[in-house]
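Listed below, chain by chain, are the residues.
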Amino acid sequence: MTATPQKFDFDNSYARDLAGFYAEFQGAVAPAPEVLLVNADLAKSLGLDPNALKSSAEALSGSKAPEGATPLAMAYAGHQFGGFSPELGDGRALLLGEILDTNGNRFDLHLKGSGRTPFSRGGDGKAVLGPVLREYLMGEAMHALGIPTTRALAATTTGENVHREGPKKGAVLARIAASHLRVGTFQFFAARNEWDKVRQLANYAIARHDPDLIDTDDKYLTFLTRVADRQAALVANWLHVGFVHGVMNTDNVTISGETIDYGPCAFIDAYDPKAVFSSIDRNGRYAFGNQPVIAQWNLARLAETLLPLIDPKDDDNASALATDVIEGFIGRYTQVWLQGMRAKIGLSSIEEADADLFNDLFTAMEGQDVDYTRFFRALAQAALANPAPVADMFKDKIAITPWLCQWAERLMRDPAEPTDRAAAMDKINPIYIPRNHLVEEALAAAENDDMGPFNALLDVLSAPFTKRDGLDKYALPAPSDFGPFKTFCGT
Ligand code: AMP
Ligand code: MG
């Protein structure tokens, strides 16, 4: 028996408070929409019923807006690979409405792939199954790793073929986010010199993400600092787990500090600051190790839009204040990164020279084909006086010995008991990450109507820190015949 469709208790602040920041629009009618996946845990946390969502293909494909929705395409601009596009916007997406979760927190329910909008330019407004499932899987993996992210609520096939390189199955992702405010949203209005709108948007963003600032002096400067701090923490998190976002354009940088837009993203195998997976990132702008500097660059673009708000009377003062925040970003980022790295190697205390320990580690790893994720996981064994699993990963098995000695000396000055230390390390160094070959295999099967590998991988990634029997293949790097991995923006 099919359940009755989900009723939503929307409270649409964006539509209500920000007229002129979007185009009201309806999704395209899908010929035969079917809900393929529902994220039951997320649904429940939002007070929604997973069974009712399974019967809500019309709403979740954008074919028919549910009662109370105010479907709209948001306006935004963005620097894409360094070049400014003054008008991007939701070209294939709609904000359906906002939902308050069981704790009263506000979330956007947003559809991606729901058809053309006034922002579509030459695009077809559609999305296809592979990339929709990729975003679903990557977002859930990141969430389980404890990294702020937008999350998939559902994936719905449309029953329509969409033309990419050949016909592909059309699909729509229903996505939940703390908001879809981006650096590019601010840029859209700043580029038009619509400063009243920038102020209105900043006030909205502050009310939504930093409400404690509402009645404070210097709130726009503090807001910039908050966004910078959230991005510093986010990018540090990415580097801790070896994540390469791949397309850190300013339209893909959230004000909330959540990871958004899983396009050509991937996890590194061996540690390599130059690692790039996206076929379109030819100059390595968004390479693994470049992400902090790019985040800083993106934040400078946000700062530019806030200058007239920071000090309306004195441009030079506004500039000096904002510059301080932006220049402080790398220091702030480094502190967060170091703190996380200390935890990864089992340190609960802080020493000035710890940074050297990591530099020396990465030097020792160079050219040794050591899997980044597996190394840190195995290091908990070394903390229990069993260094063999770590040493065995190195081509030259004694290459890591000097570093292990340096680390052991540092551990002697750290208060934790070895068993507690190893247990703490296992709680933050994942065994299971979305390895590129497994993701590709799962998506290829899904495109052939076999959801088995996808569902199995999704389940494994939902508990990345807990070793489970029978899952060994999920903890291994790609077999050598998988070859160098490239992701394509065929979204
Ligand atoms: P993304 O690469 O998903 O971050 O998208 C960048 C911009 O291109 C956004 O304005 C999207 O709405 C737009 N876009 C991407 N794909 C399509 C498409 N198939 N049809 C229309 N607009 C698109
Ligand atoms: Mg985007």
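Rules used in this analysis
Residues numbered from 1 in each chain as written. Chains lettered and ligands numbered in written order. Predicted model: local features only at pLDDT ≥ 70, side-chain atom pairs only at ≥ 80, totals over all residues. Heavy atoms only, no water. Core = buried A, V, L, I, M, F, W, Y, C linked by side-chain atoms within 4.5 Å. Buried < 20%, exposed > 50% of the residue type's maximum accessible area, 1.4 Å probe, protein only. Helix = DSSP H or I, 4+ residues; strand = E, 2+ residues; numbered from the N terminus. Contact = heavy atoms within 4.5 Å. Domains from an automatic or database assignment. Buried area = accessible area lost by both parts, 1.4 Å probe. Salt bridge = Lys/Arg side-chain N within 4 Å of Asp/Glu carboxyl O. Polar contact = N/O pair within 3.5 Å; in protein donor to acceptor, adjacent residues only side chain to side chain. Near = heavy atom within 4 Å. Areas by Shrake-Rupley, 256 points an atom, 1.4 Å probe, with all protein chains shown as cover. Nonpolar A, V, L, I, M, F, W, Y, C, P; charged D, E, K, R; others polar. Phe/Tyr/Trp six-rings, centres within 6.5 Å; stacked < 30°, edge-to-face > 60°. Pairing = 2+ DSSP bridges. Lys, Arg positive; Asp, Glu negative; His and termini not counted. Axes fitted to C-alpha atoms, helices over the stretch in contact; angles between N-to-C directions. Parallel < 35°, antiparallel > 145°, perpendicular 65-115°, else oblique.

By size, the foremost hydrophobic cluster in this structure holds 106 residues, and its most contacted members are Tyr14, Phe186, Phe375, Leu379, Ile400, Trp403 and Trp407. In terms of residue count, the dominant contributor to this core is helix H8 (residues 219-241) (13 residues). Once residues within four sequence positions are removed from consideration, phenylalanine 186 is found in contact with Val198, Leu201, Ala202, Ala205, Phe223, Ile255, Leu302, Thr305 and Leu306. Ranked by size, the runner-up nonpolar core spans 28 residues in total, among them Val132, Tyr136, Ala141 and Ala475.

On domain assignment, one finds that the chain holds domain 1 (13-179) and domain 2 (184-337). Of note, the centres of domain 1 and domain 2, computed from C-alpha atoms alone, are 23 Å apart. Contacts between the two partners involve 38 residues from domain 1, matched on the other side by 41 residues from domain 2. Together, the buried faces of domain 1 and domain 2 total about 3300 Å²; carbon and sulfur atoms form 61% of this surface. Counting the surface domain 1 buries against domain 2, the share from its top three residues, Phe21, His79 and Phe81, is 22%. Notably, a salt bridge pairs lysine 112 with aspartate 261, separated by 3.1 Å at the nearest N-O pair.

Attention now moves to the side chain of arginine 301. Mapped onto the elements, arginine 301 comes out in helix H9 (residues 291-310). A polar side-chain atom of arginine 301 sits 2.6 Å from a polar atom in the side chain of glutamate 304.

Our focus in this paragraph is the site of ligand 1. For ligand 1, the set of nearby residues contains 17 residues, the closest of which are Gly89, Gly91, Asp124, Gly125 and Asp261. In this structure, glycine 89 approaches ligand 1 through a main-chain N or O atom, which is 2.6 Å from an oxygen atom. A distance of 3.2 Å is found between an oxygen atom of ligand 1 and a side-chain nitrogen or oxygen belonging to asparagine 252. Taken by itself ligand 1 offers 490 Å² of open surface, and the protein chains cover 80% of this. For the shell around ligand 1, a count of residues per class yields 2 nonpolar, 7 polar and 8 charged.

Before going further, it helps to spend a moment on the packing of aromatic side chains. With the rule as written, the count across this model stands at 22 aromatic pairs. Aromatic pair phenylalanine 243 and phenylalanine 267: ring centres 5.5 Å apart, planes at 65°, arrangement edge-to-face. With phenylalanine 243 in strand E11 (residues 243-244) and phenylalanine 267 in strand E12 (residues 266-267), this pair connects stretches of sequence that are 24 residues apart. Judged by its relative accessible area of 0%, phenylalanine 243 is buried. Classification of phenylalanine 267 as buried rests on a relative accessible area of 2%.

Of all 8 residues in strand E6 (residues 93-100), 7 are buried; the element is thus mostly enclosed. In this antiparallel pair of consecutive strands, E6 and strand E7 (residues 106-112), the connection spans 5 residues, and glycine 104 shows a positive phi of 85°.

Another aspect to go through is the side chain of aspartate 281. Position of aspartate 281 among the secondary structure elements: in the loop between E12 and H9. For the buried residue aspartate 281, which engages in no salt bridge, the nearest side chain bearing the opposite charge is arginine 285, 6.8 Å off. At 2.8 Å, the side chain of aspartate 281 and the backbone nitrogen of tyrosine 286 are in polar contact. Not counting residues within four places of it along the chain, the set of residues in contact with aspartate 281 comprises Phe81, Gly246, Val276, Tyr286 and Ala287.

Here the focus is the packing of H8 against H9. In the contact formed by H8 and H9, the axes pass within 10 Å of each other and the chain directions differ by 170°. It follows from the interaxial angle that H8 and H9 lie roughly antiparallel. For the pair H8 and H9, the contacting residues are Tyr220, Leu221, Phe223, Leu224, Val227, Ala228, Gln231, Val235, Trp238 and Leu239 in the first and Gln291, Pro292, Ala295, Leu299, Leu302, Ala303, Leu306, Leu309 and Ile310 in the second. Of the residues assigned to the contact of H8 with H9, the class counts are 17 nonpolar, 2 polar and no charged.

For the structure shown, the criterion picks out 33 salt bridges. The salt bridge involving aspartate 229 is made with arginine 332; its shortest N-O contact spans 3.3 Å. One end of the pair, aspartate 229, is in helix H8; the other, arginine 332, is in helix H11 (residues 329-344), with 103 residues separating them in the sequence. You can call aspartate 229 partly exposed: its relative accessible area is 28%. By relative accessible area, arginine 332 is classed as partly exposed at 39%. Through salt bridges with shared partners, a single network forms among Asp11, Arg16, Asp17, Glu98, Arg106, Asp108 and Arg208.

Taken together, the 4 bridges between strand E2 (residues 34-38) and strand E9 (residues 151-164) define a ladder with antiparallel strand orientation. Residue valine 38 lies in a different strand from E9, and its bridge partner there is alanine 154. Bridge count for E9 against strand E10 (residues 166-177) is 10 bridges, and the pairing is antiparallel. Across the sheet, residue valine 162 finds its bridge partner in E10, namely lysine 168. What sits between E9 and E10 in their antiparallel hairpin is a turn of 1 residue.

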